[in-house]
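Remarks on the overall topology
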Amino acid sequence: MTETNTRLNPKDLATITVLIISAFIVILNETIMNVALPVLMHEFKVSEDAIQWLATIFMLTMAVVIPATGFLLQRFSTRGVFLLAMGLFSAGTLLAAASPSFGMLLGARVIQASGTAIMMPLLMTTILDLVPAHRRGVIMGNVSIVISVAPAIGPTISGLILQFLNWRFMFLIVAPIAIAALIIGAPRLNKNAEASGTPLSIPSILLSVPAFGGLVYGLSKLSSSGLDATTLAVLVVAVLALVTFVMLQLKLQRKDHALLDMRPFTYRPFTLSLVLMVLAMVALFGVIILLPMYLQNVRGLDTLATGLMLLPGGLLMGLLAPFVGRAYDKVGPRPLVIPGSVILALVLFGYSRLLGAETPIPVIIGLHLTMSLSLALIFTPAFTTALNPLPHSLHSHGSAVLSTLQQLGGAAGTALLVGVLASRISAGAAGGTDPISAQISGFSAGFTVAAICAVGMVVVATFLSKAPAEELSEKAHAH
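Below: a short report on this structure. (Residues numbered from 1 in each chain as written. Predicted model: local features only at pLDDT ≥ 70, side-chain atom pairs only at ≥ 80, totals over all residues. Heavy atoms only, no water.)

Structural notes on the overall build of the protein
Along its length, the protein carries 20 helices and zero strands. Since a compact globule built from 479 residues should have a radius of gyration of about 23 Å, the 22 Å found for the protein is in line with a globular shape. When the backbone C-alpha atoms are referred to their principal axes, the protein occupies close to 65 × 50 × 45 Å. Put simply, the protein has 479 residues, and 54% of those count as buried. Residue pairs in contact within the protein that sit at least 24 positions apart in sequence constitute 84% of those at least 6 positions apart. Put simply, the protein shows about 19,200 Å² of open surface, and 69% of that area lies on carbon and sulfur atoms. Charged side chains in the protein number 25 positive and 18 negative. The centres of these two groups are separated by 5 Å. (Helix = DSSP H or I, 4+ residues; strand = E, 2+ residues; numbered from the N terminus. Rg over C-alpha atoms; globule rule 2.2 N^0.38 Å. Buried < 20%, exposed > 50% of the residue type's maximum accessible area, 1.4 Å probe, protein only. Contact = heavy atoms within 4.5 Å. Areas by Shrake-Rupley, 256 points an atom, 1.4 Å probe, with all protein chains shown as cover. Lys, Arg positive; Asp, Glu negative; His and termini not counted. Charge placed at Lys NZ, Arg CZ, Asp CG, Glu CD.)

Below, the structure written as structure tokens:
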């Protein structure tokens with residue numbers, strides 16, 4: 001391999017750097033709101049159910065918009081899609097900062113989420129188009145920083161802001177950074193569209209709303225209020241819409257007219273990695289959701305202290321990601337993902353057995369750091385292995401499918417694990433167990449389920465290739 005083949009040219013490197021920084025900003029925003037919900041509930045004098053819509057509407061919008069990004073990326077230039085993504089995000093952020101009412105803030109979150117939904121598939125598609133297969137591990141390692149560190153530091157940053165400033169500063173601090181990224185980034189991106197001429201399938205758009213939006217909404221309701229008749233009806237309609245959506249895409253893709261092309265699933269590494277990613281999202285959300293609840297409800301920590309405790313793990317994932325990316329380029333996915341999945345399963349089983357009313361804080365932080373190590377070994381190889389085999393024509397659709405199922409995996413993980421937690425707490429309370437013991441029993445059951453998902457990841461990982469990225473790419477092109 002010659003030196004010229006291993007280095008990106010400065011223009012391509014600048015393009016990817018702009019997109020990674022922009023993606024970091026928009027992903028950071030996704031979790032920055034969660035800590036502020038009690039403050040906003042008091043500010044706008046709305047109920048707890050109403051204020052949860054600030055988080056739910058963001059997930060819903062992401063789930064509905066992401067499937068259409070495959071189409072957008074094929075019809076418009078990188079610059080055009082970037083302007084749309086960062087323009088929407090910046091406008092939504094400014095509107096949120098100035099919102100005089102809860103309704104306007106809710107609308108601003110929809111606009112923000114629309115920009116966020118476009119950004120990650122844009123970033124991944126651009127990397128696939130510009131970076132040769134044998135270098136993608138290193139670059140995808142930097143993408144993993146966006147995916148792991150940004151959500152981890154979001155609650156910590158919002159906790160610090162709320163400690164000293166008005167809630168509007170959560171948006172006022174982000175807005176100028178987003179606008180600067182938009183102004184600096186747009187001229188550096190390609191403005192020449194490779195227009196495919198693919199017509200927009202209106203029936204596909206109409207089906208994607210109840211299919212993906214319905215699934216995320218149904219799963220979020222499942223985690224908050226259990227399986228009532230309304231939630232069941234929403235989930236049934238969503239599944240039927242999803243089946244119809246997939247059948248329509250299979251028909252449309254024969255003429256290359258699909259909104260979301262299903263052909264990436266014909267590539268075995270893509271499908272295996274996708275299953276791995278969904279299981280990882282379920283396990284990850286087990287910790288993202290359950291651990292802060294344990295620290296606040298059982299140990300009595302405030303939101304800022306909780307955020308600061310979880311911060312080192314997110315930073316460790318960010319530090320390790322580029323090294324894992326380099327290792328992936330040399331050894332392939334299996335030698336990294338199998339140990340990562342085994343460590344993750346052991347940590348989650350550790351959480352299920354060790355968390356109690358008196359568990360030492362250093363033990364909790366140590367487990368969280370070990371879990372962060374395991375996730376660093378999983379995410380970069382899983383992303384890269386999923387997308388590496390795809391030909392250029394399927395890059396945008398593969399990225400959109402991956403981002404969509406990440407959202408669904410996170411929503412499913414939240415619903416499953418919070419549901420297990422709530423049912424065990426209710427059973428304990430009904431049996432006369434004291435509240436703290438009932439909660440500890442619930443957290444133990446939730447982490448056990450997450451650990452079982454991690455064991456499933458170990459099984460899936462054994463089917464991944466152990467060949468380095470370059471060999472995988474050569475096989476894919478033969479396919």
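Next comes the rest of the description.
A closer look at helix H17 (residues 361-387)
With 27 residues, H17 extends 39 Å between its outermost C-alpha atoms, agreeing within 8% with the 39 Å of an ideal straight helix rising 1.5 Å per residue. Taking burial as the measure, the 27 residues of H17 include 19 buried ones, the bulk of the element. (Expected span 1.5 Å × (residues − 1).)

Here's the deal with the nonpolar core
The nonpolar side chains of a soluble globular protein tend to be buried, and buried together. Ranked by internal contacts, the top residues of the largest apolar core, which has 116 residues, are Phe82, Leu291 and Leu348. Examining the composition of this core, we find that 14 residues originate from one element, helix H14 (residues 268-297), more than from any other. (Core = buried A, V, L, I, M, F, W, Y, C linked by side-chain atoms within 4.5 Å.)

Some details on the side chain of Ser396
As for its placement among the helices and strands, Ser396 is situated in helix H18 (residues 395-430). Once residues lying within four places of it in the same chain are set aside, the contact partners of Ser396 are Gly70, Leu73, Gln74 and Thr125.

Here's the deal with the pattern of salt bridges
Using the criterion set out here, one finds two salt bridges in the structure. Among the salt bridges present, the one from Asp256 reaches Arg263, with a minimum N-O distance of 2.6 Å. Overall, Asp256 belongs to the partly exposed group, its relative accessible area being 47%. What makes Arg263 partly exposed here is its relative accessible area of 28%. Across the pair Asp261 and Arg263 runs a salt bridge whose closest N-O atoms are separated by 2.6 Å. Judged by its relative accessible area of 5%, Asp261 falls in the buried class. (Salt bridge = Lys/Arg side-chain N within 4 Å of Asp/Glu carboxyl O.)

Some remarks on the packing of aromatic side chains
Any pair of aromatic rings gets described here by the distance separating the centres and the angle formed by the planes. A complete count under the given rule lists eight aromatic pairs for this structure. Measuring from ring centre to ring centre gives 5.7 Å for Phe44 and Trp167, while their planes differ by 65 degrees; the resulting arrangement is edge-to-face. One end of the pair, Phe44, is in helix H3 (residues 37-44); the other, Trp167, is in the loop between helix H9 (136-164) and helix H10 (169-172), and 123 residues separate them in sequence. When the ring of Phe265 is compared with that of Phe270, the centres are 5.6 Å apart and the planes differ by 85 degrees; the resulting orientation is edge-to-face. Given a relative accessible area of 34%, Phe265 falls into the partly exposed group. A relative accessible area of 0% means that Phe270 is categorised as buried. (Phe/Tyr/Trp six-rings, centres within 6.5 Å; stacked < 30°, edge-to-face > 60°.)

As for the environment of Leu128
Residue position: Leu128 is located in helix H8 (residues 102-130). Each C-alpha atom, one on Leu128 and one on Ile288, is 29 Å from the other, the two residues being 160 residues apart in sequence.

Some thoughts on a nonpolar patch on the surface
Together, Leu160, Phe164, Leu165, Phe169, Leu172, Ile173 and Ile177 make up a nonpolar patch on the protein surface, roughly 640 Å² of accessible area in all. Among the elements of the structure, H9 and H10 are those that each provide at least two residues to the nonpolar patch. Looking at the secondary structure, you find Leu172 in helix H10. (Patch = residues over 30% accessible without salt bridge, like charges linked within 9 Å, V, L, I, M, F, W, Y side chains within 5 Å.)

Here's the deal with the packing of helix H2 (residues 10-32) against helix H11 (residues 174-185)
Running from amino to carboxyl end, H2 crosses H11 at an angle of 155 degrees, the nearest separation of the two axes being 10 Å. Classified by the angle between their axes, H2 and H11 sit roughly antiparallel to one another. Judged by the twist between their axes, the crossing of H2 over H11 is left-handed. The segment H2 lies against H11, with Val18, Ser22, Ile25 and Ile32 engaging Val174, Ile177, Ala178, Ala181 and Gly185. (Axes fitted to C-alpha atoms, helices over the stretch in contact; angles between N-to-C directions. Parallel < 35°, antiparallel > 145°, perpendicular 65-115°, else oblique. Left-handed = near helix turned anticlockwise from the far one by under 90°.)

What about the environment of Val18?
With respect to the helices, strands and loops of the structure, Val18 is situated in helix H2. The exposure class of Val18 is buried, given its relative accessible area of 12%. Residues Val18 and Val401, 383 residues apart in the sequence, show an inter-C-alpha distance of 23 Å. Sequence-distant contacts of Val18, that is, excluding residues within four places in its chain, are made with Phe82, Gly185 and Arg188.

Concerning the side chain of Arg109
Its place among the elements puts Arg109 in helix H8. In this structure Arg109 comes out as buried when scored by relative accessible area, which is 0%. In this structure, Arg109 is in contact with Asn29, Glu30, Met33, Leu54, Ile57 and Phe58, ignoring residues within four places of it in sequence.

Quick notes on the environment of Gly413
Of note, Gly413 is situated in helix H18. For Gly413, a relative accessible area of 0% gives the class buried. A C-alpha to C-alpha distance of 8.8 Å links Gly413 and Val278, two positions 135 residues apart in sequence.

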